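# A closer look at the structure
Letter by letter, the chains look like this.
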Amino acid sequence: MQISKELAGFSGAKADDLRKAIGKKNRAAMAALKPEFVEGCRASGTKPEVIEFLWTTNEKSADYSFNRSHAACYALIGYRTAWLKANYPAEYMAALISSVMSTKDKVPFFVARCEEMGIEILPPDVNLSDHEFTVGASSSNGLVGNIRFGLDAVKGVGYQAVEAIKRARAEGGEFTSLWDFCERVDNRAVNKKAIEALIKCGALGSTGASRKGMMAVLEQAQAAGQQIQQDAQIGQGSIFDLQEPGDSARAAAAPGAGLARPVHPPISGDEYEQAELLAVEKESIGLFISAHPLKPLREALRRRVDLPAGRRSPSAATRTG
């Protein structure tokens, strides 16, 4: 813009028009301004070869140009992220995946990248997970660390549901069973669909029950939990709530102590077949995390392909400009 004002005599507004034409690669607008630019440069005594060089440079800039201040900022961001990835790979990847959770197709891509980097991705866990992906203290594979799946990334489980889970966990400690989970977590924030997704992705696996077994009793567990919460809201308690402090130990040792708590049917230990387990897992979080159908063939596939599907060949990049 300064060159066009000083050498071609353009006004500030006209110089900005030229800038816009170059930036937007508008060849027609540039062609309309060229005669005035050339004439103005001649009037200022600029040599013909300099005029030609300047306009050729404008045309090249229209092919590709980038604002220097933007380039400097991107270079700084590139340097910082490269340093973080090299020195804090697990923390960096956890933050990166958390930033794209709303774009479900990007989460599997970066999870796969973590595996390539030796970072273990752990499944969601109602007793350990937070909203976002978090870094664990150590990794069972002895490499650079692990990342715990964020509950916000589970389909059908929203922010308020995760808040309700965290609140119940903070107030009463870890969840010991599906029944315990349904009794303690606010059923207005965590509905049946959300609990199904949590079961399917393995987020209730730390209770020790199988996913298929929990799905079989989910309706009963949710109904029992709703009833307990409704009773608590209207102040209707059990006679066992009237125990004096310190009576709980004596009651536990007394005959019939089991009556002090609802007796729930046992959860079956039967589990889904591997293929079905992976299918429900992918349905709930958009990727396979406990295993992958093609993992046993990974090395064989790598030996047979020239280029991974996620990358473009140099020739393809050239063709697309």
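Everything that follows concerns the structure shown earlier in this document.
Definitions and limits used
Residues numbered from 1 in each chain as written. Predicted model: local features only at pLDDT ≥ 70, side-chain atom pairs only at ≥ 80, totals over all residues. Heavy atoms only, no water. Helix = DSSP H or I, 4+ residues; strand = E, 2+ residues; numbered from the N terminus. Expected span 1.5 Å × (residues − 1). Buried < 20%, exposed > 50% of the residue type's maximum accessible area, 1.4 Å probe, protein only. Arc of directions from axis to C-beta. Phe/Tyr/Trp six-rings, centres within 6.5 Å; stacked < 30°, edge-to-face > 60°. Patch = residues over 30% accessible without salt bridge, like charges linked within 9 Å, V, L, I, M, F, W, Y side chains within 5 Å. Areas by Shrake-Rupley, 256 points an atom, 1.4 Å probe, with all protein chains shown as cover. Salt bridge = Lys/Arg side-chain N within 4 Å of Asp/Glu carboxyl O. Core = buried A, V, L, I, M, F, W, Y, C linked by side-chain atoms within 4.5 Å. Pairing = 2+ DSSP bridges. Contact = heavy atoms within 4.5 Å.

## Remarks on helix α4 (residues 48-63)
- Here α4 spans 23 Å end to end across 16 residues, near enough to the 22 Å set by a 1.5 Å rise per residue.
- For α4, every residue scored as buried is listed here: Ile51, Leu54, Trp55, Asn58 and Ala62. Seen end-on, α4 carries its buried residues on one side only, within an arc spanning 90 degrees. Residues of α4 that are exposed and point more than 90 degrees away from the buried face comprise Glu49, Phe53, Lys60 and Asp63.

## Focus: the packing of aromatic side chains
- Inspection of every chain in the model, using the stated rule, returns 6 aromatic pairs.
- For the pair Phe37 and Trp55, a centre-to-centre distance of 5.2 Å together with 50 degrees between the ring planes defines the contact as tilted. With a gap of 18 residues between them, Phe37 in helix α3 (residues 27-43) and Trp55 in helix α4 connect regions that are remote in the sequence. With respect to class, Phe37 is no different from Trp55; both count as buried.
- A ring pair is formed by Trp83 and Tyr88, whose centres lie 5.8 Å apart and whose planes are at 50 degrees; its orientation type is tilted.
- Residue Trp83 is classed as partly exposed on the basis of its relative accessible area, which comes to 43%.

## As for a nonpolar patch on the surface
- On the surface, a nonpolar cluster with roughly 530 Å² of combined accessible area is contributed by Leu76, Tyr79, Trp83, Leu84 and Tyr88.
- Mapped onto the elements of the fold, Tyr79 is located in helix α5 (residues 68-87).
- For Tyr79, a relative accessible area of 57% translates into the label exposed.

## Focus on the nonpolar core
- Core analysis: the biggest nonpolar cluster contains 47 residues, and Leu178 and Phe181 have the highest contact counts within it.
- Phe10, Ala15, Ile22 and Phe37 belong to the second-largest nonpolar core, a separate cluster that totals 15 residues.

## Notes on unusual backbone geometry
- Positive phi, close to 55 degrees, is recorded for Lys25, a residue that is not glycine.
- As for its position among the elements, Lys25 is in the loop between α2 (12-23) and α3.

## Section: the sheet that holds strand β2 (residues 134-135)
- Strand order in this open sheet of 3 strands is β1-β3-β2, and the pairing throughout is mixed. The open sheet has two free edges, formed respectively by β1 (120-122) and β2, since each of these has just one partner strand.
- Where β2 lies against strand β3 (residues 146-148), 2 bridges are found, and the strand directions are antiparallel. Note that in β3 the partner of Val135 across the bridge is Ile147.

## Re the environment of Ile165
- Within the secondary structure layout, Ile165 lies in helix α8 (residues 159-172).
- Using a relative accessible area of 0% as the deciding quantity, one classes Ile165 as buried.
- With 35 residues separating them in the primary sequence, Ile165 and Asp130 have C-alpha atoms 9.4 Å apart.
- Ile165 has contacts with Val126, Leu151, Phe175, Phe181, Val185, Val190 and Leu198, leaving out every residue within four places of it along the chain.

## Quick notes on the pattern of salt bridges
- Tallied over the entire structure, the rule returns 12 salt bridges.
- When the shortest N-O distance is used, the salt bridge between Asp16 and Arg19 registers 2.7 Å. In this pair, Asp16 and Arg19 both sit in helix α2, 3 residues apart, roughly one turn of the helix.
- As a salt-bridge pair, Arg188 and Asp186 come within 3.0 Å of each other at their nearest N and O atoms.
- Counted as one network, the salt bridges with shared partners bring together Asp16, Arg19 and Lys20.

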